[in-house]
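# Descriptive structure summary
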Amino acid sequence: MKADRLLEIVALLQNHEKLTTHQLVDHLHVSSRTILRDMDTLSALGIPIVAERGRAGGWKLMDHFRSQLSGMSMTELKALFILPSDKVLKDLGIPTKGRDIRLNLLSSLQGNRKHAVRPYLEKVYIDTGTWKPSKERMEEFNVVQQAVFEEKKLYIVYENAKGEQRERLISPLGLVAKGSAWYVVATVETGDIRNFKLSRIKDSKLVREPIVKPETFSLATYWNESKEQFVQTLPSYEATVLAHDSIIHRLTFTGKFVENIQVGHRDDEWVTVNLCFHDEQEITEYVLGFGGRMKLVTPKHLIGRIVQQASAVIQQYASDEEPTNETKEGL
């Protein structure tokens, strides 16, 4: 803890040039006496810290004491400040906050280079989480991460989208954070490469057998190609609806898989809208979700399904409202 605090003090003084004891106390949440002892420790270690007295005084580093990340272009330096979110670092077991890492990077720069990259520290924050905290199963993360880093095989119990569980022996090649979810990329028994969502791994056991990594394998290249192939294989179902004018602004915020929304002809309070979905059930649920403010025009064969499901809902609530015998007697 003390070593981390000493490094943070040096980083703060390099970034702010001069800080009072009170400012350091507020930032580090320690006592004034602790700050004074830390300054003595840093001086003993050869760090040229000086104290300026007076109302404008404070602690500062000697002007000649600066380190610099050399040999890097400005674009590369800016990229260093776009670190993964704190959630990703936490999942990987790295307790250091992203901002602290970037502060240390900033302290290594001088002059115009520091001025150019500072906005990427102060004005950019990466949040890969969702508005509602994820309840994904992460108990197996540490075991999977260990297998990835040690390049060992792994037995897993994996649950597919249908809820079916199957034991698999996989050879982990890497971890990928996609949004708020984690995936492990691995070769399977057939030698093919597959993606496994960590929240669907119900059990895992490390196997003390080294994996055989495919030649020329690149995790980033594979993932981007795999993602592109997945998107291209997704089915596409187009639908035309009449939407009431009052819900037009809500269309882009409703329906997880709705895409390519195109607003067309407007007739009084009703607007013709073309939508694109990934399956027909999503079309049905989407239209029903807006009740009487949306009417399906095409595909026509789904109109009967919508009527049937809407009737089932009405019947369900109508049966709940049927008067009991006691109610009938009182009428």
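That block above? That's the structure.
Keep in mind it's a predicted model, so treat the numbers as computed, not measured.

What the rule picks out here adds up to 9 salt bridges. For the salt bridge of Glu150 with Arg208, the shortest nitrogen-to-oxygen distance reads 3.2 Å. Separated by 58 residues along the polypeptide, Glu150 in helix α8 (residues 141-150) and Arg208 in strand β8 (residues 201-210) bring together distant segments of the chain. Judged by its relative accessible area of 61%, Arg208 falls in the exposed class. The closest approach of N and O atoms between Glu280 and Arg305, which form a salt bridge, is 3.8 Å. One end of the pair, Glu280, is in helix α10 (residues 280-289); the other, Arg305, is in helix α11 (residues 303-320), and 25 residues separate them in sequence. According to the relative accessible area criterion, Glu280 is partly exposed, its value standing at 23%. Residue classification places Arg305 among the partly exposed residues on the basis of a relative accessible area of 29%. The structure contains a network of salt bridges with shared partners spanning Lys18, Glu52 and Lys60.

Before going further, it helps to spend a moment on the sheet that holds strand β3 (residues 58-61). With antiparallel pairing, 3 strands are arranged side by side in an open sheet as β1-β3-β2. In this open sheet, the two edge strands, each paired with only one partner strand, are β1 (18-19) and β2 (49-52). By the bridge criterion, 2 bridges tie β1 to β3 in an arrangement that is antiparallel. Bridging across to β3, Lys18 finds its partner in Lys60.

Taken together, 5 strands build an open sheet; the order of strands is β7-β6-β5-β4-β8 and the sheet is antiparallel. The open sheet terminates on both sides in strands that have one partner only, identified here as β7 (193-197) and β8. When strand polarity is set aside, the average angle formed by the axes of neighbouring strands in this sheet is 45 degrees. Summarising the sheet, strand β4 (residues 152-159) and β8 pair through 7 bridges and their orientation is antiparallel. Of the residues in β8, the one forming a bridge with Tyr158 is Ile201. Contacts from helix α9 (residues 219-233) reach β5 (165-178), β6 (181-187) and β7, with the element oriented near 105 degrees to β5.

Each value, and the rule that gives it
Residues numbered from 1 in each chain as written. Predicted model: local features only at pLDDT ≥ 70, side-chain atom pairs only at ≥ 80, totals over all residues. Heavy atoms only, no water. Salt bridge = Lys/Arg side-chain N within 4 Å of Asp/Glu carboxyl O. Helix = DSSP H or I, 4+ residues; strand = E, 2+ residues; numbered from the N terminus. Buried < 20%, exposed > 50% of the residue type's maximum accessible area, 1.4 Å probe, protein only. Pairing = 2+ DSSP bridges. Axes fitted to C-alpha atoms, helices over the stretch in contact; angles between N-to-C directions. Contact = heavy atoms within 4.5 Å.

So, to be careful, I would describe these as geometric facts and stop short of saying anything about function.
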